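# Topology and contacts: notes
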Amino acid sequence: MLAITTFAKIRLRSFFLWMLLLGVAIVIPIFVLADYGIISEELLNILIETCLFFIFPLVWLRVKMTQHNIAFSSLLRQPATWNWRLIVTATAIGMIFSAAISVVQFYVASYIAPDFITDMLNEPTIDQTSVAATIFSLISVCVFAPIMEELIFRGFFLHRMTHKWGLKRAVIVSSLLFGLGHMDIIGAFVFGLIMCIIYLKTNSLLVAMAVHALNNMIASFMQLGEGNAVGPVELADLRSPMELGISIVVVILTLFWIVPFIGNNFRNHQQLPILAKLREEQEAENISTSVYSQVLMTNHFMAVELPDEAVHQLNLQEHDHVKLDIQDNKVIITKVE
C-alpha cells in the first residue's frame, strides 16, 4: 500500500536542479557587473549569498507548495505554547555538545589533513573586514540561516524523505545532510536531530527557528568578542591531550540529556505535523471522485490514493496495508497490522 502524502510530488532532485540553474543565472550577471566596476566586491558577496542561500530556496519551496495545494504558512504556524525552558535548554546543551565534539573531531582531523583543517578553522564565520560586512554577516548567520535551514531541512527534506522512506530514516538522513553542510559535522548532525524532534514535539518550525537563531547568535557574538585577541589556529592548539580528555567527558555528560530527549520524544511523536491545504473546501467537494480515482489492481492487492488526513490519522508508512469496507455509502479505512 503506497500512501500518497502532501510532498509526494515535490522532489529533492527538482530542488537541487533549480538551485543550480538559478545560481548560474544570478552569479554570471553579478560577476559581469563586478568586472565592469558597477558593483563592489562587498556588494557582490552580499547579493550572491542572499539570493543563493536565502531567497531562491524559500521562493522555490513556496511556489512548489502552492502548486501542490499545500499552505506554506502551515510550516510557520504558532506553537500551542512557547516553551522557553525547552528553547534555552536545547540551545545550551546543543552548543556545549557541539563545542566538545568539535575538539574531538579536529584532534583526529589534525593528524589526517592538518593543512586543510587549520585553513578551514582560520577562515572566519563573521566577516569583519568592514562595518557593513560585519552587520550583514550577523544578519545572515542569525536570521537568514535559521529561517532557511529550518524550512528546507526540517520543512521540506523531512516531509519529502518521510514519504519515501518513513519518519525514522527521514530524521536521520535529513540531519546528516544538515551536518555535512557544516564545519562541525557531528555536532551539526546531532543539532539537526534535536531540531527534528522539536518540530515533531511542538508542531511548529518557529520553535526550531528560535533555538537555531539563539544558537547562532551566541556563537557569533562569542567570535566577535574574541576579536583579534586570539591568534590563528595552530596544530598544537588542536592536539592538546588535556582538552581532548575534558571534551570527551563533556560529550558523555551531554549525551545523558540528548539521548533520552531524542529517544523518548521520538517514541511519543512518531507523526509529522499535518500541513494545511489551500483549497480545503474544493477538495472536500471533489473527494468522492478524485481521492479514489487512482486505483491499481493486482492478483492479491489494490493500491489506492488516500487523502492526507487518513494517512496521518492511521499513521501509515510507505509499505503499510489497509482494508477498505463500504458501509452506508461510506468508505471505512482500517490499517491492517
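Data block above holds the structure.
Being a predicted model, the structure only gives us computed values, none of them experimental.

## Section: the overall build of the chain
- The number of helices and strands found in the chain is 12 helices and 4 strands.
- Here the chain holds 337 residues, and the buried ones make up 41% of them.
- Within the chain, counting contacts between residues at least 6 apart in sequence, those at least 24 apart form 73% of the total.
- On the chain, roughly 18800 Å² of surface is accessible, and the fraction owed to carbon and sulfur atoms is 64%.

## Here's the deal with the pattern of salt bridges
- Applying the stated criterion across every chain, the model contains 1 salt bridge.
- Among the salt bridges present, the one from R154 reaches E150, with a minimum N-O distance of 2.7 Å. Placement of both R154 and E150 in helix α5 (residues 131-165) is noted, with a separation of 4 residues, approximately one turn of the helix. For the pair R154 and E150, one class covers both residues: buried.

## Brief notes about helix α10 (residues 241-268)
- Between the first and last C-alpha of α10 there are 40 Å, a value that for 28 residues agrees with the 40 Å anticipated at 1.5 Å per step.
- The largest bend along α10 measures about 35° and falls at L255.
- Along α10, the positions that sit buried rather than exposed are L244, S247, V251, T254, I258, F261, I262, N265 and F266.
- Along its buried surface, α10 packs onto α3 (84-112), α6 (167-180) and α7 (185-202).

## As for the nonpolar core
- Core analysis: the largest hydrophobic core is formed by 60 residues, its most contacted members being L61, M65, L75, F156, I194 and I198.
- Broken down by secondary-structure element, the contributors of at least two residues to this core are α1 (12-35), α2 (41-67), α3, α5, α6, α7, α8 (205-226) and α10.
- Among the elements that line this core, the one with the most residues is α7, at 11 residues.
- Ignoring anything within four residues of it in the chain, the contact list for L75 reads L61, M65, L151, G155, H159, Y199, L205 and L275.

## Things to note about a positive patch on the surface
- Taken together, the side chains of K9, R11, R13 and K164 define a basic patch exposed on the protein surface.
- Here K164 shows up in helix α5.
- Residue classification places K164 among the partly exposed positions, given a relative accessible area of 34%.

## What about unusual backbone geometry?
- A positive phi angle, close to 65°, is found at N69, a residue other than glycine.
- Counting through the fold element by element, N69 comes out in the loop between α2 and α3.
- Residue class for N69 comes out buried when judged on its relative accessible area of 4%.
- Although it is not a glycine, N203 sits at a positive phi angle of roughly 60°.
- By the element assignment, N203 lies in the loop between α7 and α8.

Criteria and thresholds
- Residues numbered from 1 in each chain as written.
- Predicted model: local features only at pLDDT ≥ 70, side-chain atom pairs only at ≥ 80, totals over all residues.
- Heavy atoms only, no water.
- Helix = DSSP H or I, 4+ residues; strand = E, 2+ residues; numbered from the N terminus.
- Buried < 20%, exposed > 50% of the residue type's maximum accessible area, 1.4 Å probe, protein only.
- Contact = heavy atoms within 4.5 Å.
- Areas by Shrake-Rupley, 256 points an atom, 1.4 Å probe, with all protein chains shown as cover.
- Salt bridge = Lys/Arg side-chain N within 4 Å of Asp/Glu carboxyl O.
- Expected span 1.5 Å × (residues − 1).
- Bend = angle between axes of the 7 residues up to and from the residue.
- Core = buried A, V, L, I, M, F, W, Y, C linked by side-chain atoms within 4.5 Å.
- Patch = residues over 30% accessible without salt bridge, like charges linked within 9 Å, V, L, I, M, F, W, Y side chains within 5 Å.
- Lys, Arg positive; Asp, Glu negative; His and termini not counted.
- Charge placed at Lys NZ, Arg CZ, Asp CG, Glu CD.

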